[in-house]
Amino acid sequence: MNLLHTWAGVILGSVLFAMFWMGTLSVFDREIDRWMLPATRLSATGNVSLDTSVKPAFEKVAPNAETWNIVLPTERVPAYRISYKDPATDKFVTRYVNPNTGELLPDEGSYAGTGFIFPFHFNLHLKWYDIGYWLVGLAGMTMLVLLVSGVIIHRRIFVDFFTFRPQKTLPRSSLDLHNITGVYLLPFHFTMALSGLIIFFGIYFPVSITAPFGGERAAFNKEVYGQYKRDAANKAGGEMVSLNALAARAVAEWGKGKPYFIRVWHPGDANAYVEVRRSYAQDVTMNLDQVYFDAYTGETLYRHEAAPVVTVQRFISGLHFVQFDNWTLRFMYFFAGLGGCVLIATGFLYWLESRRKKHIREKLRGVRVVEALTVGSTTGIIIATLGFFIANRLIPVGIATRGEWEMLVFYLVWLLTFVHAFLRPTRQTNRRGAFIEQAWTIAAFAVAAVGLNWATTGDNFINAVATNKWEIYGTDAMLLGWAIVAAWSAVKMQRTATSKTAEAFQTSVIQEASGV
Amino acid sequence: MFDILLLILAAASGYAGFAVLALTQKQHLEKVTGVRRSNPQTLWRRIAGSILLILCLVVTLVRDGAAFGSLLAVFLLAATGIAVAFTLAWQPAALRRISLLTATGSEKTAKKTNENF
């Protein structure tokens with residue numbers, strides 16, 4: 001078990017850290033969106049009618065799209081989020097409509113939190129043969145193995161339940177911290193890993209679709225997710241029923257809740273119909289309540305509620321997705337996610353520090369390689385994320401493929417951090433040099449991101465509160481928090497390194513003086 | 001406002017519960033009280049600690065209902081447990097009051113005797 005725990009952690013720890021880091025940031029993906037898409041930093045949620053704002057916006061930008069998708073404004077996203085597949089490019093386009101004025105907001109081109117950070121944590125943006133999903137699935141399964149094997153090999157689990165000894169050696173204190181974050185956050189880590197696998201059961205356990213539905217994806221989608229389909233008639237329709245009226249009809253049909261998502265299928269076509277989905281902001285379970293209406297007569301075509309087994313799956317998904325409106329829990333998820341990052345990083349640290357002397361003495365390369373991987377995949381991904389934020393503030397709006405440029409900066413910076421970690425000479429007396437330098441880089445980049453946000457948008461850490469832009473205050477506070485923690489860690493590691501160097505110098509002087 | 005008070009109460013009971021449970025272990029009790037060979041009074045403290053942890057769960061259920069409340073309890077218990085471990089590492093004396101509150105007569109006498117010497 002010890003061997004399994006050690007090597008599973010060392011081999012897949014980097015992927016796990018990337019997933020945990022991006023997953024943790026995804027808890028506040030909408031807030032990161034506001035930071036990266038300044039046009040959507042709106043102060044109030046107005047009541048402009050869907051028919052006089054969103055519908056004209058679609059008629060202007062996507063009259064021939066197959067569907068018009070509308071996410072209604074919420075406290076976290078104070079604008080209509082509209083999306084469609086552009087028939088010319090076959091790509092999904094997302095835009096925002098001001099709910100106070102009905103005006104279509106400028107396209108800022110960034111993938112931001114919901115378009116880059118959130119998908120990264122479950123597919124790593126590796127789409128070739130779904131390799132990203134499979135890699136993440138393997139890492140999720142490995143996480144479960146690591147948790148179970150970790151409990152088994154932690155023989156003093158109850159004796160050391162409250163034990164943390166920061167004053168002891170680095171291997172000892174990092175193991176203590178690894179144990180503490182692992183034991184106390186065990187329910188969280190287990191739930192996240194398991195629910196991640198359950199959410200993508202269609203990919204990881206395809207037999208659930210192929211066996212009962214004979215591989216018919218459409219039949220599966222209708223039975224499980226309630227997806228109703230009606231083909232286009234390919235002839236023009238008349239005047240559509242009011243979308244606001246259909247939303248109100250759906251609420252009356254459910255008898256509770258409110259809609260959060262509306263989709264117009266085949267807009268303009270004689271067979272057009274409207275899908276309305278119920279919000280799950282007030283519940284853990286992500287309900288599948290939906291009603292389909294004929295777009296011209298308003299007749300109810302189909303109504304769906306999830307079956308009990310699917311409801312269980314949606315409850316587990318809800319535990320993972322954190323889509324509910326509960327700020328206390330949202331912050332708890334965020335800090336627990338950071339706890340997961342600490343768990344993985346301290347696991348790496350323990351492996352490194354408990355083997356360093358032996359590997360250097362025996363001229364083995366293991367520590368060197370794992371240290372570079374650790375640095376690149378922990379501090380490196382944090383620097384890359386900050387690079388992504390900085391690129392967002394520096395690349396001008398209006399540049400074609402702005403979002404792709406931001407992503408390119410992320411990957412380039414991340415690659416550079418690995419190169420730096422591999423090239424940085426490691427000496428026994430001045431170890432963790434790469435860690436120290438990358439920690440200072442995190443501090444500098446985080447402060448730069450906050451400064452650039454101020455310079456380019458006028459919103460800063462202080463006036464964001466006065467203007468009620470809590471999402472900007474929160475994101476800036478988070479960035480400054482990273483800067484403080486990174487600078488503190490760098491100073492602490494530098495002091496340790498200096499004292500070790502002094503110690504080594506003293507020892508060599510004594511040895512020379514005594515003629516050893 | 002009432003929500004915040006309930007959250008503070010839940011967090012305080014979780015912290016106190018774990019602190020009392022930590023004091024059932026000799027090495028932590030000695031660190032907190034500064035008295036060697038203290039009697040951890042395991043049974044009594046385990047009962048008191050468990051009651052406080054259950055109180056944390058009850059308060060979160062009252063505050064947020066079954067679904068959100070039980071989730072909040074899981075997070076709060078993790079956070080307060082880690083906070084107790086950190087307190088024992090950096091400021092063990094901060095738990096002295098809890099140790100005195102949950103001490104029975106013999107431990108208080110031992111503490112006083114130790115102070116007199």
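Keep in mind that what you see is a predicted model, and the values were worked out from it rather than measured. (Residues numbered from 1 in each chain as written. Chains lettered and ligands numbered in written order. Predicted model: local features only at pLDDT ≥ 70, side-chain atom pairs only at ≥ 80, totals over all residues. Heavy atoms only, no water.)

1. Some details on the side chain of His-154 of chain A
Okay, so step 1: If you trace the backbone, His-154 of chain A turns up in the loop between helix H5 (131-153) and helix H6 (170-184).
Okay, so step 2: Leave out the neighbours within four places in its chain, and His-154 of chain A touches Asp-160, Asn-179 and Val-183 of chain A. (Helix = DSSP H or I, 4+ residues; strand = E, 2+ residues; numbered from the N terminus. Contact = heavy atoms within 4.5 Å.)

2. Some points on the packing of helix H1 (residues 2-26) of chain A against H5 of chain A
Residue and element names in this part refer to chain A.
Okay, so step 1: It is the contact of H1 with H5, at a shortest axis distance of 8 Å, that shows an interaxial angle of 135°. Comparing the axis directions of H1 and H5 gives the class oblique. The chirality of how H1 crosses H5 is left-handed. Counted together, Asn-2, Leu-4, His-5, Ala-8, Gly-9, Leu-12, Val-15, Leu-16, Met-19 and Phe-20 of H1 and Leu-135, Val-136, Leu-138, Ala-139, Gly-140, Thr-142, Met-143, Val-145, Leu-146, Ser-149, Gly-150 and Ile-153 of H5 form the full contact between these two elements.
Okay, so step 2: Looking at side-chain class alone, the contact of H1 with H5 contains 15 nonpolar, seven polar and no charged residues. (Axes fitted to C-alpha atoms, helices over the stretch in contact; angles between N-to-C directions. Parallel < 35°, antiparallel > 145°, perpendicular 65-115°, else oblique. Left-handed = near helix turned anticlockwise from the far one by under 90°. Nonpolar A, V, L, I, M, F, W, Y, C, P; charged D, E, K, R; others polar.)

3. Structural notes on the interface of chain B and chain A
Okay, so step 1: The interface is formed by 26 residues belonging to chain B together with 24 residues belonging to chain A.
Okay, so step 2: For chain B, the biggest contributors to the area lost against chain A are Phe-68, Leu-71 and Phe-75 of chain B; these three give 31% of the whole.
Okay, so step 3: Between the two partners, chain B and chain A, sit zero salt bridges.
Okay, so step 4: Here chain B and chain A share three residue pairs in polar contact (both at pLDDT 80 or more) between them.
Okay, so step 5: The leading source of residues in the side of chain B that touches chain A is helix H3 (residues 42-90) of chain B, at 19 residues. (Buried area = accessible area lost by both parts, 1.4 Å probe. Salt bridge = Lys/Arg side-chain N within 4 Å of Asp/Glu carboxyl O. Polar contact = N/O pair within 3.5 Å; in protein donor to acceptor, adjacent residues only side chain to side chain.)

4. Remarks on the pattern of salt bridges
All names here are of chain A.
Okay, so step 1: Taken as a whole and assessed by the stated rule, the structure comprises 22 salt bridges over all chains.
Okay, so step 2: Residues Arg-277 and Glu-275 are paired through a salt bridge, measuring 2.7 Å at the closest nitrogen-oxygen approach.
Okay, so step 3: Among the residues examined, Glu-275 registers a relative accessible area of 0% and is labelled buried.
Okay, so step 4: Between Glu-371 and Arg-356 there is a salt bridge, with the nearest N and O atoms lying 3.0 Å from each other. One end of the pair, Glu-371, is in helix H14 (residues 366-377); the other, Arg-356, is in helix H13 (residues 327-361), with 15 residues separating them in the sequence. Each member of the pair Glu-371 and Arg-356 is classed as buried.
Okay, so step 5: One connected set of salt bridges, linked through shared partners, spans Asp-29, Arg-30, Glu-31 and Arg-76. (Buried < 20%, exposed > 50% of the residue type's maximum accessible area, 1.4 Å probe, protein only.)

5. Some remarks on the confidence of the model for chain B
Residues and elements named next belong to chain B.
Okay, so step 1: In this model, chain B carries an average pLDDT of 87, and 85% of its residues clear a pLDDT of 70 or more.
Okay, so step 2: Mean pLDDT across the elements of chain B ranges from a minimum in helix H5 (residues 105-116), with 53, to a maximum in helix H1 (residues 2-22), with 96.
Okay, so step 3: For this predicted complex, the interface confidence comes out at an ipTM of 0.89, alongside a pTM of 0.91. (pLDDT = per-residue confidence, 0-100.)

6. Let's talk about unusual backbone geometry
Residue and element names in this part refer to chain A.
Okay, so step 1: Residue Ala-112 is not a glycine yet carries a positive backbone phi of 50°.
Okay, so step 2: Turning to its location among the elements, Ala-112 is positioned in helix H4 (residues 112-123).
Okay, so step 3: Positive phi, close to 55°, is recorded for Thr-401, a residue that is not glycine.
Okay, so step 4: Assignment of secondary structure puts Thr-401 in the loop between helix H15 (379-394) and helix H16 (402-423).
Okay, so step 5: Judged by relative accessible area, which is 47%, Thr-401 ranks as partly exposed.

7. With respect to the packing of helix H2 (residues 29-36) of chain A against H4 of chain A
All names here are of chain A.
Okay, so step 1: Two numbers describe how H2 lies on H4: the axes approach to 7 Å, and their chain directions differ by 130°. Here H2 lies oblique to H4, going by the angle between them. For the pair H2 and H4, contact is made by Asp-29, Arg-30, Ile-32, Asp-33 and Met-36 and by Ala-112, Gly-113, Thr-114, Ile-117 and Phe-118, respectively.

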